[in-house]
Amino acid sequence: MNSNDYTIIKEDDIKMRPEIKFRNYTDDDYEALCDFLIALNDKEDSHINWNWARLEWMMEHPEFDKSLKKSIGLWTEDGRIVGAAIYDMYFGEGFCGVLPEYKELYKDVVEYACKELKDDSGFGLAICEENTDEVEMVKKQGFYIFDQDETIMERSLDDPFEAKIPDGLKFFCPDPVEDVYDLEWLFWQGFDHGQDRAEFEREEEIIPRVRKHFNKDLGVAAVNEKGEMVACCLLWYMPGTDYAYVEPVCTIPEYRGKGVAKALIYEAFGRAKKLGAKRAYVISDMEFYEKLGFKKKHHYLFFRKLP
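Quantities reported herein were computed from a predicted structural model and do not represent experimental measurements. Every chain is numbered independently, its residues counted from 1 as its sequence is written. With pLDDT at 70 or above as the cut-off, local features in this predicted model cover only qualifying residues; side-chain atom pairs require 80 or more to be listed or tallied, and sums for whole chains, interfaces and linings still use all residues. Side-chain numbers come from the whole structure's heavy atoms, not from hydrogens or water.

What to know about the overall build of the protein
Point 1. Assigned secondary structure in the protein consists of eight helices and 12 strands.
Point 2. For 307 residues, the compact-globule formula gives about 19 Å, and the C-alpha radius of gyration of the protein, at 21 Å, lands near that figure.
Point 3. Summarising its shape, the C-alpha atoms of the protein cover approximately 70 × 45 × 35 Å along the three principal directions.
Point 4. Whether a residue is buried, partly exposed or exposed follows from its accessible area with a 1.4 Å probe, protein chains only, as a fraction of its type maximum: under 20%, in between, or over 50%, in that order. Per-residue burial for the protein yields a buried fraction of 53% across its 307 residues. Helix and strand assignments follow DSSP, with helices taken as H or I runs no shorter than four residues and strands as E runs no shorter than two, numbered in order from the N terminus. Using C-alpha atoms as the atom set, the radius of gyration is obtained and then compared with a globule rule of 2.2 Å times the number of residues to the power 0.38.

Here's the deal with the packing of helix H1 (residues 30-40) against helix H2 (residues 52-59)
Point 1. Axes here refer to lines fitted to C-alpha atoms; in helices the fit is confined to the stretch in contact. Angles between the N-to-C directions go from 0 to 180 degrees. Contact pair H1 / H2: the axes reach a minimum separation of 8 Å and the direction vectors enclose 140°. Viewed along their axes, H1 and H2 adopt a mutual orientation that is oblique. Contact residues: H1 offers Tyr30, Leu33, Cys34, Leu37 and Ile38, while H2 offers Trp52, Leu55, Glu56 and Met59.
Point 2. For the contact of H1 with H2, the per-class residue count stands at eight nonpolar, no polar and one charged. Roughly parallel covers angles under 35 degrees, roughly antiparallel covers those over 145, roughly perpendicular covers 65 to 115, and oblique covers all other angles. Throughout, a contact is declared for two residues whenever any of their heavy atoms are within 4.5 Å. In this count, Pro and Cys sit with the nonpolar residues alongside Ala, Val, Leu, Ile, Met, Phe, Trp and Tyr, while Asp, Glu, Lys and Arg are called charged and the others, Gly among them, polar.

Some words on the confidence of the model for the protein
Detailed reading of predicted coordinates is not advised where the pLDDT is low.
Point 1. Scored from 0 to 100, pLDDT records how confident the predictor is in each individual residue. Here the protein averages 93 in pLDDT, and 94% of its residues register 70 or above.
Point 2. Here residues 1-15 is a poorly scored stretch, pLDDT under 50, and it has 23 contacts once near neighbours within four places are set aside; other chains count.

A word on a negative patch on the surface
Point 1. On the surface, Glu44, Glu129, Glu130, Asp147, Asp149, Asp285, Glu287 and Glu290 cluster together to form a negatively charged patch.
Point 2. Going through the elements one at a time, strand E6 (144-156) and helix H8 (287-291) are the ones with two or more residues in the negative patch.
Point 3. Inspection of the secondary structure assignment puts Glu290 in helix H8. Here the term patch refers to residues with relative accessible area over 30% and no salt bridge, with like charges joined within 9 Å and nonpolar side chains (Val, Leu, Ile, Met, Phe, Trp, Tyr) within 5 Å. Working definition of accessibility: Shrake-Rupley area with a 1.4 Å probe, residue cover restricted to the visible protein chains. Think of a salt bridge as a Lys or Arg side-chain nitrogen and an Asp or Glu carboxyl oxygen that are within 4 Å of each other. We score Asp and Glu as negative and Lys and Arg as positive, and we do not count His or the chain ends. A charge is said to be at NZ when it belongs to Lys, at CZ for Arg, at CG for Asp and at CD for Glu.

Describing the environment of Glu178
Point 1. Among the secondary structure elements, Glu178 is positioned in the loop between strand E7 (170-172) and helix H5 (180-190).
Point 2. Along the backbone, Glu178 and Ser121 are 57 residues apart, and their C-alpha atoms lie at a distance of 39 Å.

Regarding the pattern of salt bridges
Point 1. Inspection of every chain in the model, using the stated rule, returns 18 salt bridges.
Point 2. Between Glu60 and Lys66 there is a salt bridge whose closest N-O contact spans 3.1 Å.
Point 3. What makes Glu60 buried here is its relative accessible area of 17%.
Point 4. Lys66 gets classed as partly exposed once you look at its relative accessible area, which sits at 40%.
Point 5. Where salt bridges share partners, they join Asp45, Glu154, Asp242, Arg279 and Lys297 into one cluster.

Examining the packing of aromatic side chains
Point 1. Note on aromatic pairs: the rings of Phe, Tyr and Trp (six-membered ring only in Trp) are paired at centre separations within 6.5 Å, and the planes decide the class, stacked below 30 degrees, edge-to-face beyond 60, tilted for the rest. Throughout the structure, instances matching the rule amount to 22 aromatic pairs.
Point 2. Plain terms: the ring middles of Trp57 and Phe187 are 6.4 Å apart, the flat faces sit at 85° to each other, and that makes the pair edge-to-face. Taken together, the residues span a long stretch of sequence, with Trp57 in helix H2 and Phe187 in helix H5 at a distance of 130 residues. Note on accessibility: Trp57 and Phe187 belong to one class, buried.
Point 3. Relative to Phe302, the ring of Phe146 has its centre 5.9 Å away and its plane inclined at 75°; by these criteria the two rings are edge-to-face. Here the residue Phe146 occupies a position in strand E6, and Phe302 occupies one in strand E12 (residues 295-305), the gap between them amounting to 156 residues. Of the two residues examined, Phe146 and Phe302, each falls in the buried class.
Point 4. Whether a charge sits over a ring depends on NZ of Lys or CZ of Arg being within 6 Å of the ring centre and within 35 degrees of the ring normal. When the ring centre of Phe146 is taken as reference, the NZ or CZ atom of Arg304 above it lies at 5.3 Å.

Structural notes on the side chain of Gln189
Point 1. Counting through the fold element by element, Gln189 comes out in helix H5.
Point 2. The class for Gln189 is buried, based on a relative accessible area of 7%.

Focus: unusual backbone geometry
Point 1. Note the cis peptide between Glu247 and Pro248, where omega equals -10°.
Point 2. For Met89, which is not glycine, the phi dihedral falls at a positive 70°.
Point 3. Within the secondary structure, Met89 is located in the loop between strand E3 (80-88) and strand E4 (90-98).

Section: the pairing of strand E9 (residues 229-237)
Point 1. Most of E9 is tucked away: nine of the nine residues are buried.
Point 2. Strands are treated as partners if at least two bridges between them are detected by DSSP. The pairing of strand E8 (residues 219-223) with E9 spans five bridges and is antiparallel. Across the sheet, the residue bridging to Val223 is Met229, located in E9.
Point 3. Connecting the antiparallel pair E8 and E9 is a turn made up of five residues, with Gly227 showing a positive phi of about 85°.
Point 4. The pairing of E9 with strand E10 (residues 243-251) spans six bridges and is antiparallel. Considered in E10, the bridge of Leu235 is made with Val246.
Point 5. Counting the residues between successive antiparallel strands, the hairpin from E9 to E10 contains five residues, one of them, Gly240, with a positive phi of roughly 100°.

Okay, structure coming up:
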């Protein structure tokens, strides 16, 4: 498909949206894509499962296939992104979204994703149950609901936070570049890949992850008396927004159940609150977060269309 020839508006709609253009993503579009995701979640948050922080975390994730970035589809008006189709790590799943005032574009965005972002099993995406217009649209395009879902939880940051860390540990803000080895080793253990360091070094590619908008003061780890990181909470906040995003939280097995993760999360919340965050989101339905004051906010169904 020639992107310059891609037709996003039917003939009857040309008078209504004459300036909308389509193009494929380049690295020069990164800031504009972040701005789009911020604007998408500005008035209401039913698309908060896809936000600027998730994009930034994902694009530097070891599993993200950067070679496919040029396939991301962007719809613009006067240079501003008003719609986007983004794959998730690799082809086969992704996100389709349009700003509220451009709802007539949603069908075209989904059609593009089904054609250009699919894999051998087709294309799947998550849609908030409350967005009934999007649900009906994808059903009309032949999508079916499959056995997977996603929950977004929300917590107000109005409360004061007492971050008491267990004895023998202290707070530490790891640098994702300088401390990349120690961070990756923590994630390896914390996400239950085992504690065989030789296997970790053999299997894991240790590459510094430069994330442009990440504030490392909001990445709070716990280190023991040996200086080893045993738990971590990364919190994301963009000045000008009023929410923070939790991704990821992990603790190595021998330090679980001691209140370490709670202390880290509360410490990070206190810092984000001082910067202007009023609430925090996490993609989870774990009881652990409910005990920290999170409440279930949105439920997402997964839809798939066969190739």
